[in-house]
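Coordinate analysis (summary)
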Protein chains: 2
Amino acid sequence: MDRAIGVIDSGVGGLTVVQELMRQLPKEKLIYLGDTARCPYGSRPAEEVKLFTWEMVRFLLNKNIKMLVVACNTATAFTLKELQQSLDIPVVGVIQPGARAAIKCTNNNHVGVIGTEGTIRSSAYTNALEKINADIHVYGLACPLLAPMVENGILAGMEAKSVVEESISPLKQNKDMDTLILGCTHYPLLKDTIQEVIGNNVTIISSSEETARETSTILDVHGLLNSKTDEPIHQFYTTGELNIFIEITRKIFKDSNFSKLEIKRASLRTNQEV
Amino acid sequence: MDRAIGVIDSGVGGLTVVQELMRQLPKEKLIYLGDTARCPYGSRPAEEVKLFTWEMVRFLLNKNIKMLVVACNTATAFTLKELQQSLDIPVVGVIQPGARAAIKCTNNNHVGVIGTEGTIRSSAYTNALEKINADIHVYGLACPLLAPMVENGILAGMEAKSVVEESISPLKQNKDMDTLILGCTHYPLLKDTIQEVIGNNVTIISSSEETARETSTILDVHGLLNSKTDEPIHQFYTTGELNIFIEITRKIFKDSNFSKLEIKRASLRTNQEV
């Protein structure tokens with residue numbers, strides 16, 4: 001079973017999921033597609049997000065993937081159900097794994113979620129949490145500046161800290177919340193800063209780590225784990241500017257992992273590498 | 001979908017999995033069967049463990065369960081594959097979830113496992129870990145005294161501490177190990193003592209918590225989550241002495257949860273409640 005796992009995202013945020021997949025499933029081959037040309041998805045209408053997501057999915061289905069990871073919270077919120085019903089391979093999103101990890105982690109059922117406007121407006125985390133536990137209290141907060149900041153490569157320093165502080169300060173007044181879900185795959189790149197601002201009494205759940213963990217579970221349940229031990233080479237595609245994408249990817253991955261990547265441009269209009 | 005989740009164990013250890021299932025999946029109805037009459041399984045030959053496990057499974061299949069949780073490491077080691085191939089409902093064991101959580105958690109790929117003689121001898125954890133990551137170092141240690149101690153209701157105090165200390169001391173010399181899997185469902189009841197003995201630099205993974213988490217994932221993936229919100233009443237069965245089983249159950253569960261349980265004796269010979 002040496003077919004690849006396909007991973008899609010609106011831009012570079014999904015690379016935090018890929019990073020965890022490489023760590024937790026080192027035998028698996030990955031094909032990543034980031035729609036950086038049209039990023040961010042967070043403030044776009046639902047119909048547009050669906051259209052763009054399906055274009056990405058078709059590109060990866062052409063590559064004969066064995067499983068699809070929707071590594072974008074906005075795309076998960078608007079398309080996961082449809083994709084799970086339409087495709088004959090397992091599909092996992094980033095919302096349910098984060099929700100389940102929060103339920104496992106919280107001691108008092110008071111859970112916060114930060115994400116894009118689209119993700120928070122969709123109530124996708126609230127629905128996922130309440131589907132499992134009706135007694136859970138969810139505090140959602142849209143943080144529209146954080147993902148664009150990461151897309152611009154600002155991951156630490158004074159500017160990052162003051163933007164994080166301003167973005168999440170409404171949640172700091174909530175003394176009950178003991179668990180906070182990073183409901184956007186860009187945010188793990190700001191995790192240390194977010195932890196510093198929110199304080200050590202709140203456990204932070206990274207959807208990216210949890211999604212990698214559940215990808216492992218689902219591959220195992222479906223008998224799809226790769227049994228070969230050769231080190232895989234991963235294919236990364238961007239719809240946008242290749243040099244900027246390579247720069248950000250280099251910033252996120254360690255050298256030892258960066259050397260395992262082949263990075264190219266993709267056209268979703270022609271469904272081809274370009 | 002208001003069919004129950006079936007949970008089997010050799011005795012009372014699986015109650016730690018049930019406790020987590022009740023916490024993480026409060027809408028789900030559970031049917032638990034503990035083979036306390038023939039506990040422990042840990043030192044029995046493989047063929048006998050298989051025979052006993054199948055007897056328990058048949059008892060629960062008669063109750064029309066929608067999913068089976070093998071909440072016993074020894075039974076998982078010897079029968080999981082066979083059960084997954086034979087039954088037409090999803091089957092989860094306690095070994096793979098613990099292994100995946102350890103892989104997510106470790107920073108240096110040095111992982112310890114403590115369990116019964118049978119579990120350690122079977123190398124089930126080593127196989128599960130290496131199936132996913134070939135570069136992992138696994139240190140297995142059989143602790144034959146711990147499960148019988150818990151079955152006798154000794155969960156804390158001087159005696160518990162000195163038995164734990166003596167049992168796990170060989171692992172304390174290993175300075176690389178950063179993660180320790182509790183590879184027996186009895187051990188979460190000794191978690192605080194084990195943490196105290198092994199030190200705070202080692203993260204302890206409870207197979208019970210992780211199995212509940214993956215049960216949630218698998219129910220969701222199969223569309224089997226219960227959508228009703230009524231508080232379920234759970235059925236617990238023991239093959240052994242009813243009063244002792246009730247006493248230990250009362251010790252493990254808080255009053256608010258204990259009131260949600262109906263506890264009865266079961267005969268595996270006749271496949272009936274008695």
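Note that the structure is predicted; figures quoted are calculated from it, not measured.

Turning our attention to the UniProt feature "active site" (unreviewed entry) in chain A. Residue and element names in this part refer to chain A. According to UniProt, the positions carrying the feature "active site" (unreviewed entry) are Cys72 and Cys184. Spanning 113 residues, the annotated positions come together in the fold, the maximum distance between their C-alpha atoms being 6.9 Å. Inspection of the secondary structure assignment puts Cys72 in the loop between β3 (67-70) and α3 (73-86). For Cys72, a relative accessible area of 4% corresponds to the buried category. Filtering out sequence-adjacent residues up to four positions away, Cys72 remains in contact with Ile8, Asp9, Ser10, Tyr41, Val94 and Thr185.

To continue, consider the UniProt feature "binding site: substrate" (unreviewed entry) in chain A. Residues and elements named next belong to chain A. The feature "binding site: substrate" (unreviewed entry), as annotated in UniProt, sits at Asp9, Ser10, Tyr41, Gly42, Asn73, Thr74, Thr185 and His186 in this numbering. A stretch of 178 residues holds the annotated residues, and the largest C-alpha distance among them is 12.4 Å, short enough that they meet in one place. One can find Asp9 in strand β1 (residues 5-9). Here Asp9 falls in the buried class, since its relative accessible area comes to 1%. Among all residues touching Asp9, those that are not within four sequence positions of it are Gly14, Tyr32, Leu33, Gly34, Asp35, Met56, Ala71, Cys72 and Thr185. Looking at where Ser10 falls in the secondary structure, it is placed in the loop between β1 and α1 (15-24).

All names here are of chain A. The principal kink in helix α8 (residues 157-172), of about 40°, is found at Glu166, preceding the proline Pro170 by one to four residues. All of the buried residues in α8 are Ala160, Val163, Val164, Ser167, Ile168 and Leu171. In this structure, the buried residues of α8 make contact with β5 (110-115), β6 (137-142), α7 (146-151), β7 (179-182) and α9 (191-198).

Before going further, it helps to examine the sheet that holds β6(A). All names here are of chain A. Read from one edge of the open sheet, four strands run β6-β5-β7-β8, paired in parallel fashion. Looking along the sheet, the strands with just one partner apiece sit at the ends: β6 and β8 (203-206). On average, adjacent strands in this sheet sit at an angle of 25° to one another, irrespective of strand direction. Note: β5 against β6, six bridges, orientation parallel. Bridge pairing in β6 places Ile114 opposite Leu141. Relative to the sheet, helix α6 (residues 124-132) contacts β5, β6 and β7, its axis offset from that of β7 by approximately 125°.

Before going further, it helps to examine the interface of chain B and chain A. Listed as interface residues are 30 residues of chain B and, on the opposing side, 30 residues of chain A. A per-residue breakdown of the area chain B buries against chain A is headed by B:Arg100, B:Lys104 and B:Arg213, which together make up 27% of the total. Viewed at the interface, chain A and chain B are joined by 12 salt bridges. When the shortest N-O distance is used, the salt bridge between B:Asp220 and A:Arg100 registers 2.9 Å. Counting residues per element, the ones that place at least two in the side of chain B that touches chain A are α1 (15-24), α4 (95-105), α6 (124-132) and α10 (207-221) of chain B. Among the elements that take part in the side of chain B that touches chain A, α10(B) stands out by supplying nine residues, more than any other. For the side of chain B that touches chain A, the class distribution of residues is 10 nonpolar, nine polar and 11 charged.

What follows is about the packing of α8(A) against α9(A). Residue and element names in this part refer to chain A. For the pair α8 and α9, the least separation of the axes is 9 Å and the interaxial angle reads 50°. Classified by the angle between their axes, α8 and α9 sit oblique to one another. Considering the relative orientation of α8 and α9, their crossing is right-handed. Contacts between α8 and α9 involve Ala160, Lys161, Val164, Glu165, Ile168, Leu171 and Lys172 from the first element and Thr193, Ile194, Glu196, Val197 and Ile198 from the second. The residue inventory of the contact of α8 with α9, partitioned by class, reads seven nonpolar, one polar and four charged.

It is worth spelling out the environment of A:Val150 at this point. Residue and element names in this part refer to chain A. Here Val150 is to be found in helix α7. Taking the C-alpha atoms as reference points, Val150 and Arg23, separated by 127 residues in sequence, lie 22 Å from one another. Those residues within four positions of Val150 in sequence are excluded, and the remaining contacts are Leu155, His186, Leu189 and Leu190.

Residues and elements named next belong to chain B. Their axes nearest at 8 Å, the elements α4 and α10 cross at an angle of 100°. As far as their axial angle goes, α10 and α4 are roughly perpendicular. From α4, Pro97, Gly98, Arg100 and Ala101 reach across to α10, where they touch Ser207, Glu210, Thr211 and Glu214.

Residue and element names in this part refer to chain B. Taking every second residue as pointing to the same face, both faces of strand β7 (residues 179-182) are buried, with Thr179 and Ile181 on one and Leu180 and Leu182 on the other. One ladder, built from four bridges, connects strand β5 (residues 110-115) with β7; its direction is parallel. Among the inter-strand pairings, Gly112 is bridged to a residue of β7, identified as Leu180. Looking at chain direction, β7 and strand β8 (residues 203-206) are connected through four bridges and run parallel. Among the inter-strand pairings, Leu180 is bridged to a residue of β8, identified as Ile204.

Moving on, we come to the environment of A:Ile233. Residue and element names in this part refer to chain A. With respect to the secondary-structure elements, Ile233 resides in the loop between α10 (207-221) and β9 (234-238). What makes Ile233 partly exposed here is its relative accessible area of 38%. Along the backbone, Ile233 and Arg100 are 133 residues apart, and their C-alpha atoms lie at a distance of 31 Å.

Turning our attention to the domain arrangement of chain A. Residues and elements named next belong to chain A. Taken domain by domain, chain A comprises domain 1 (5-93 + 210-273) and domain 2 (95-207). Measuring from the centre of the C-alpha atoms in domain 1 to the corresponding centre in domain 2 gives 22 Å. Taken residue by residue, the interface counts 28 residues in domain 1 and 26 residues in domain 2. Its largest share of buried area at the contact with domain 2, domain 1 owes to Asn73, Glu210 and Glu214, together 29% of the area lost on that side. Summed over the shared surface of domain 1 and domain 2, the number is one salt bridge. For the interface between domain 1 and domain 2, the tally reads 13 residue pairs in polar contact (both at pLDDT 80 or more). Of all the elements in the fold, those that place two or more residues in the side of domain 1 that touches domain 2 are α1, α3, β4 (91-93), α10 and α11 (242-252). Looking at the side of domain 1 that touches domain 2 element by element, the count peaks at six residues for α3. Of the residues assigned to the side of domain 1 that touches domain 2, the class counts are 11 nonpolar, 12 polar and five charged.

Rules behind the numbers
Residues numbered from 1 in each chain as written. Chains lettered and ligands numbered in written order. Predicted model: local features only at pLDDT ≥ 70, side-chain atom pairs only at ≥ 80, totals over all residues. Heavy atoms only, no water. UniProt positions renumbered as here; feature names shortened; annotations may be inferred. Helix = DSSP H or I, 4+ residues; strand = E, 2+ residues; numbered from the N terminus. Buried < 20%, exposed > 50% of the residue type's maximum accessible area, 1.4 Å probe, protein only. Contact = heavy atoms within 4.5 Å. Bend = angle between axes of the 7 residues up to and from the residue. Pairing = 2+ DSSP bridges. Axes fitted to C-alpha atoms, helices over the stretch in contact; angles between N-to-C directions. Buried area = accessible area lost by both parts, 1.4 Å probe. Salt bridge = Lys/Arg side-chain N within 4 Å of Asp/Glu carboxyl O. Nonpolar A, V, L, I, M, F, W, Y, C, P; charged D, E, K, R; others polar. Parallel < 35°, antiparallel > 145°, perpendicular 65-115°, else oblique. Left-handed = near helix turned anticlockwise from the far one by under 90°. Domains from an automatic or database assignment. Polar contact = N/O pair within 3.5 Å; in protein donor to acceptor, adjacent residues only side chain to side chain.

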